[in-house]
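Below, each chain spelled out in residue letters.
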Amino acid sequence: MKAIALTRYLPIDNPESLLDVQLDQPVPQGRDLLVAIKAIAVNPVDVKVRAPKDTVEKAPRVLGWDAAGVVQAVGPEVSRFKVGDRVFYAGDITRPGSNSEFQLVDERIAGNMPQTLSFEQAAALPLTAITAWEALFDRLKVAPGKSLLIIGGAGGVGSIAIQLAVKVAGLNVIATASRPESEQWVRELGAQHVINHFGDLPAQLKEQGFDSVDYVLILNDTDRHFPAAAAAVAPQGMICTIVENAAPLDVSLLKAKSAGFIWEFMFTRSMFQTADMQEQGKLLDQVARLIDQKTLVTTLSQVLSPINAANLRQAHATLETGRVIGKIVLKDF
Ligand SMILES: NC(=O)c1ccc[n+]([C@@H]2O[C@H](COP(=O)([O-])OP(=O)(O)OC[C@H]3O[C@@H](n4cnc5c(N)ncnc54)[C@H](OP(=O)(O)O)[C@@H]3O)[C@@H](O)[C@H]2O)c1
């Protein structure tokens, strides 16, 4: 089968950073689905895993954790899906990724694709929707009518988090955006207020009428934004971040407010094979229903075709600018 892989970790402008290769088609066992991939999305995690270092892989390593496709074969213990079903999923960071013609994925972390979307529109969603859903409902445990500050509103995660927060959770959302085009994008997705993440966040919140916010969701540069999040969060409020920090975070800033801090990492369930890992498949099914009911819209903003190393290198290079609005998807091998 065709795949895009690396053996060395090189800067993205090096043509050997991602290569077109031929690999054996895998065979599904246990609860695995074999999926014929139709479209994939790129995420900052791909860029982080691919980041230059001296390691050399003995066998080609396939990255990519966002896909939409068709079930081609099933393992003997599969019960949720059958051959021919259309699925979308992010997959498991500890296994080969979705940048290949066929991929194995555990049925518990796959969802039925929205019926009203094309493969490329669906591929834009899984990784970011899982992240935003788990952050809002499992980590922050948001309650309707409360206020939420989303730092980094126009990116892949922010674009679906805004929609889930406003249209599903019933929150009052302040999103951050730093450019006219990203501000327009987050307003169109439903953000009721917009402030700039490169300015003073607590001061801008006050200008918008918020002395504090009940929840903060940090989707970019935790080191930079944590002190402002701590200053802005309400007494007994909660902060969730999805981005690793480089320096220690001072959680003592939260003590007087009895405010909480929690991580969201969307690979936790598959990485640790948690007893509730099937919740990820269920939440994807729910996202698909919300899409088909027109409550949510796809966050797709750019499509490249075909799925090959040259287009994937281009997508990685664009992501590395840190200025992507919505999601970049590649379709068709
Ligand atoms: N823990 C998890 O499970 C998980 C899951 C998904 C993603 N992540 C991580 O979350 C981060 C965001 O992912 P993503 O897919 O949303 O990224 P993305 O699509 O690349 O985000 C791009 C957006 O980030 C905004 N931005 C740039 N610099 C910023 C800053 N200093 N502060 C706030 N916003 C800034 C930009 O907005 P403007 O153009 O308006 O400046 C741009 O629209 C990445 O680090 C990713 O690895 C973690």
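Above this text is the structure in question.
Read on for an overview of the structure. Because the structure is a prediction, the values reported are computed rather than measured.

1. Quick look at the overall build of the protein
Assigned secondary structure in the protein consists of 10 helices and 16 strands. Against the globule reference of 20 Å for 333 residues, the protein gives a C-alpha radius of gyration of 20 Å, in line with a compact fold. For the protein, the spread of C-alpha atoms along the three principal axes comes to 60 × 40 × 35 Å. Relative to its 333 residues, the protein shows a buried fraction of 56%. For the protein, the accessible surface area stands at approximately 13800 Å², while carbon and sulfur atoms represent 51% of it. Averaged over its 32 positive side-chain charges, the protein has a centre that lies 2 Å from the centre of its 36 negative ones.

2. Observations concerning helix H7 (residues 222-232)
Among the residues of H7, Thr 222, His 225, Phe 226, Ala 228, Ala 229, Ala 230 and Ala 232 are the ones counted as buried. As for H7, its buried residues are in contact with strand S9 (147-151), helix H6 (201-207), strand S12 (213-218), strand S13 (233-241) and strand S14 (260-263).

3. Focus on the sheet that holds strand S4 (residues 53-62)
The antiparallel open sheet is built from 3 strands, whose spatial order is S2-S1-S4. Taken across any chain shown, the strands that pair with only one partner, and hence form the sheet edges, are strand S2 (19-22) and S4. Averaged over all pairs of adjacent strands, the angle between their axes in this sheet comes to 40°, without regard to strand direction. Bridging between strand S1 (residues 2-9) and S4 involves 4 bridges; their strand directions are antiparallel. If you follow Ala 5 over to S4, its bridge partner there is Val 62.

4. Topic: the site of the ligand
The full set close to the ligand counts 27 residues, and Lys 48, Ser 178, Arg 179, Ser 182 and Met 266 are the nearest of them. A distance of 2.6 Å separates an oxygen atom of the ligand from a polar side-chain atom of Ser 182. At a separation of 2.7 Å, a nitrogen atom of the ligand approaches a polar backbone atom of Glu 264. Coverage of the ligand by the protein chains reaches 91% of its 940 Å² of free accessible surface. Every element with two or more residues in the shell around the ligand is listed here: helix H1 (44-50), helix H3 (126-139) and helix H4 (156-168).

5. Focus on the pattern of salt bridges
If you walk through the whole model with that rule in mind, you get 17 salt bridges. A salt bridge links Lys 82 to Asp 85; the shortest N-O distance between them is 2.9 Å. The exposure class of Asp 85 is buried, given its relative accessible area of 14%. Ionic pairing is found between Arg 187 and Glu 183, a salt bridge with its closest N-O pair at 3.0 Å. Taken together, the positions of Arg 187 and Glu 183, both in helix H5 (residues 180-188) and 4 residues apart, correspond to about one turn of that helix. Given the relative accessible area of 41%, Arg 187 is considered partly exposed. Connected through shared salt-bridge partners, Glu 134, Asp 138, Arg 139, Glu 264, Arg 269 and Asp 276 make up one network.

6. Quick look at the environment of Val 83
Looking at the element boundaries, Val 83 is found in the loop between strand S5 (67-74) and strand S6 (86-89). Each C-alpha atom, one on Val 83 and one on Gln 72, is 5.4 Å from the other, the two residues being 11 residues apart in sequence.

7. A few points about H5
Those residues of H5 not exposed but buried are Ser 182, Trp 185 and Val 186. Projected down its long axis, H5 shows its buried positions confined to an angular sector of 95°, all on one face. Within H5, the exposed residues directed more than 90 degrees away from the buried face are Pro 180 and Glu 188. Buried positions along H5 lie against H4, strand S10 (172-176), strand S11 (193-195) and strand S15 (300-304). Of the residues one or two after H5, Gly 190 is the one with positive phi, at around 125°.

8. With respect to the environment of Ser 118
Looking at the element boundaries, Ser 118 is found in the loop between strand S8 (110-112) and helix H2 (119-123). Residue classification places Ser 118 among the partly exposed residues on the basis of a relative accessible area of 26%. With 79 residues separating them along the chain, Ser 118 and Ala 39 place their C-alpha atoms 9.3 Å apart.

9. Side note on the pairing of S10
Summarising burial for S10: 4 of the 5 residues are buried, a large majority. Across 4 bridges, S9 lies against S10 in parallel orientation. Bridging across to S10, Ile 150 finds its partner in Ala 175. With 3 bridges joining them, S10 and S11 adopt parallel strand pairing. Looking at S11, one finds that Ile 174 is bridged to His 193. The parallel pair S10 and S11, bridged by H5, forms a crossover whose chirality is right-handed.

10. Here's the deal with the pairing of strand S3 (residues 32-41)
Moving residue by residue along a regular strand, the side chains alternate between the two faces of the sheet. Burial runs high along S3: 9 of the 10 residues are buried. The sheet contact formed by S3 and strand S7 (residues 102-106) spans 5 bridges and is antiparallel. Within S7, the position partnered with Leu 33 by the bridge is Val 105. When S3 meets S5, the two strands line up antiparallel, connected through 7 bridges. Residue Ile 37 lies in a different strand from S5, and its bridge partner there is Gly 69.

About the thresholds
- Residues numbered from 1 in each chain as written.
- Predicted model: local features only at pLDDT ≥ 70, side-chain atom pairs only at ≥ 80, totals over all residues.
- Heavy atoms only, no water.
- Helix = DSSP H or I, 4+ residues; strand = E, 2+ residues; numbered from the N terminus.
- Rg over C-alpha atoms; globule rule 2.2 N^0.38 Å.
- Buried < 20%, exposed > 50% of the residue type's maximum accessible area, 1.4 Å probe, protein only.
- Areas by Shrake-Rupley, 256 points an atom, 1.4 Å probe, with all protein chains shown as cover.
- Lys, Arg positive; Asp, Glu negative; His and termini not counted.
- Charge placed at Lys NZ, Arg CZ, Asp CG, Glu CD.
- Contact = heavy atoms within 4.5 Å.
- Pairing = 2+ DSSP bridges.
- Axes fitted to C-alpha atoms, helices over the stretch in contact; angles between N-to-C directions.
- Near = heavy atom within 4 Å.
- Polar contact = N/O pair within 3.5 Å; in protein donor to acceptor, adjacent residues only side chain to side chain.
- Salt bridge = Lys/Arg side-chain N within 4 Å of Asp/Glu carboxyl O.
- Arc of directions from axis to C-beta.
- Right-handed = clockwise from strand over helix to strand, strands pointing away.

Any functional reading would require information beyond the geometric quantities listed.
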